[in-house]
Amino acid sequence: MTVERFQQGLLDWFDRAGRKHLPWQQQPTPYRVWISEIMLQQTQVTTVIPYFQRFMADFPDLEQLAAADTSAVLQRWAGLGYYARGRNLHRAAQLTLERHGGELPPRLADLIELPGIGRSTAGAILSMGFGIRAPILDGNVKRVLARYGGIEGWPGQGAVLNRLWGLADALTPDHRVGAYAQAIMDLGATLCTARKPDCPACPIRQDCHAYRTDSTARLPTPRPPKSVPVKTCYLLALRDRSGFVYLQRRPPTGIWGGLWSLPEFADRDQLELWCRSRGSAPTNLETLPPGRHTFSHFILEYIPITGQITTVPRVEEGSDTDWRDPDTDTALPTPIRRLLQRINSNPQEYP
Ligand code: SF4
């Protein structure tokens with residue numbers, strides 16, 4: 001049967017070629033498996049090994065981890081990155097002490113209630129720490145199973161993920177569950193790699209859809225490109241006769257936090273209303289070609305408007321508004337500095 005051939009092929013390969021000397025594979029208690037699994041998220045095995053050893057020396061069991069100061073735990077975590085993992089680990093240890101008397105619970109539903117433990121990590125703790133049958137589906141296993149089962153679609157989509165979990169469950173054996181979990185993770189990490197899978201050496205190639213159809217480069221389906229939202233605003237460049245520009249200091253948080261910038265408006269009506277509310281109807285507003293600036297999560301499209309008003313807004317000493325010479329060392333965002341340089345260098349075009 002295909003399922004048995006898959007399981008046997010993988011376990012035989014693991015016995016021959018799998019990794020068996022990693023520190024967390026020695027005395028694989030649920031606690032040690034848990035710590036290693038959290039450390040291995042988004043981090044290479046070779047990086048994790050010394051961190052794991054130092055962590056175990058300082059916090060050899062769950063009770064000592066729960067009793068430690070958060071700062072001591074994070075200090076041991078320093079350099080591994082993703083500090084939320086370290087904080088969750090510490091919090092989960094404390095909750096385990098409260099709820100389960102200091103031992104990780106041998107039940108999926110209880111494990112995934114703990115901070116930082118998802119279904120796949122829980123599956124690894126159950127299978128490798130307790131010897132209880134439970135499927136796992138970390139990033140490497142998703143890749144193996146998408147290729148092996150020919151599962152199309154980005155694994156970040158719920159329906160695709162459900163199919164992968166279904167396959168992971170169907171292929172998980174009832175025996176040697178810890179070795180199987182380690183084997184399928186190893187296969188993904190060493191043979192079924194993202195860029196250059198070594199299919200000729202793979203123990204499950206006979207039934208692998210991607211291998212048989214030459215589609216390893218296509219599977220798993222990559223994440224669809226994100227459409228970046230575009231936010232539009234109007235920026236008002238008011239200048240006085242000596243070339244000083246009316247600036248506002250932005251709030252400390254948000255884009256360009258704490259820098260000086262031009263007054264910003266959602267639409268032109270608001271902009272004109274603002275001018276009138278400061279005692280003068282704008283008479284010579286000119287709209288300039290729009291500019292764009294790309295932030296990490298959106299694109300800002302700004303429409304600059306220049307002009308003069310007969311009564312300039314007064315500013316209070318020390319307030320968050322000011323008339324300033326933009327050529328001095330005022331802390332301006334780069335796109336705003338460039339925009340003002342363009343306006344200044346071309347007063348004919350930008351009155
Ligand atoms: S045959 Fe190739 S694509 Fe299929 S599981 Fe093995 S390494 Fe991955």
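Note that the coordinates shown come from a computational prediction; the quantities given were computed from them, not determined experimentally.

**Focus: the overall build of the protein chain**
No. 1: When its secondary structure is counted, the protein chain shows 14 helices and eight strands.
No. 2: Here the protein chain has a C-alpha radius of gyration of 30 Å; the compact-globule value for 351 residues is 20 Å, and the former is much larger.
No. 3: Its C-alpha atoms give the protein chain principal-axis dimensions of about 85 × 55 × 30 Å.
No. 4: For the protein chain, with 351 residues in total, the buried portion stands at 32%.
No. 5: The long-range fraction of contacts in the protein chain, counting pairs at least 24 apart against all pairs at least 6 apart in sequence, stands at 63%.

**Remarks on the sheet that holds strand β8 (residues 321-324)**
Pairing between sheet strands relies on hydrogen bonds along the backbone, with the strands arranged either parallel or antiparallel.
No. 1: The antiparallel open sheet is built from three strands, whose spatial order is β3-β2-β8. With partners counted over all chains shown, the strands left at the sheet margins are β3 (260-261) and β8, one partner each.

**A short note on the domain arrangement of the protein chain**
No. 1: Taken domain by domain, the protein chain holds domain 1 (2-212) and domain 2 (230-345).
No. 2: Taking only C-alpha atoms into account, the centre of domain 1 sits 52 Å from that of domain 2.

**Topic: the environment of T287**
No. 1: Tracing the chain through its elements places T287 in strand β5 (residues 286-287).
No. 2: Taking the C-alpha atoms as reference points, T287 and I303, separated by 16 residues in sequence, lie 7.1 Å from one another.

**Digging into the site of the ligand**
No. 1: Residues in contact with the ligand amount to 14 residues; listed here are only the nearest, C192, C199, C202, R205 and C208.
No. 2: Elements with a minimum of two residues in the shell around the ligand: α9 (139-149) and α12 (209-212).
No. 3: At three residues, the largest contribution of residues to the shell around the ligand is made by α9.
No. 4: Of the residues assigned to the shell around the ligand, the class counts are 11 nonpolar, one polar and two charged.

**Focus on helix α11 (residues 177-191)**
No. 1: The first and last C-alpha atoms of α11 sit 20 Å apart over 15 residues, in line with the 21 Å expected at 1.5 Å per residue.
No. 2: For α11, the buried fraction is high: 11 of the 15 residues fall into the buried class.
No. 3: V177, Y180, A181, Q182, A183, I184, M185, D186, L187, G188 and L191 are the residues of α11 that are buried.
No. 4: Residues of α11 that are buried make contact with α1 (2-17), α8 (119-130) and α9.

Conventions adopted
- Residues numbered from 1 in each chain as written.
- Predicted model: local features only at pLDDT ≥ 70, side-chain atom pairs only at ≥ 80, totals over all residues.
- Helix = DSSP H or I, 4+ residues; strand = E, 2+ residues; numbered from the N terminus.
- Rg over C-alpha atoms; globule rule 2.2 N^0.38 Å.
- Buried ≥ 20, exposed ≤ 12 C-beta atoms within 10 Å, placed from the backbone.
- Contact = placed C-beta atoms within 7 Å.
- Pairing = 2+ DSSP bridges.
- Domains from an automatic or database assignment.
- Near = placed C-beta within 6 Å.
- Nonpolar A, V, L, I, M, F, W, Y, C, P; charged D, E, K, R; others polar.
- Expected span 1.5 Å × (residues − 1).

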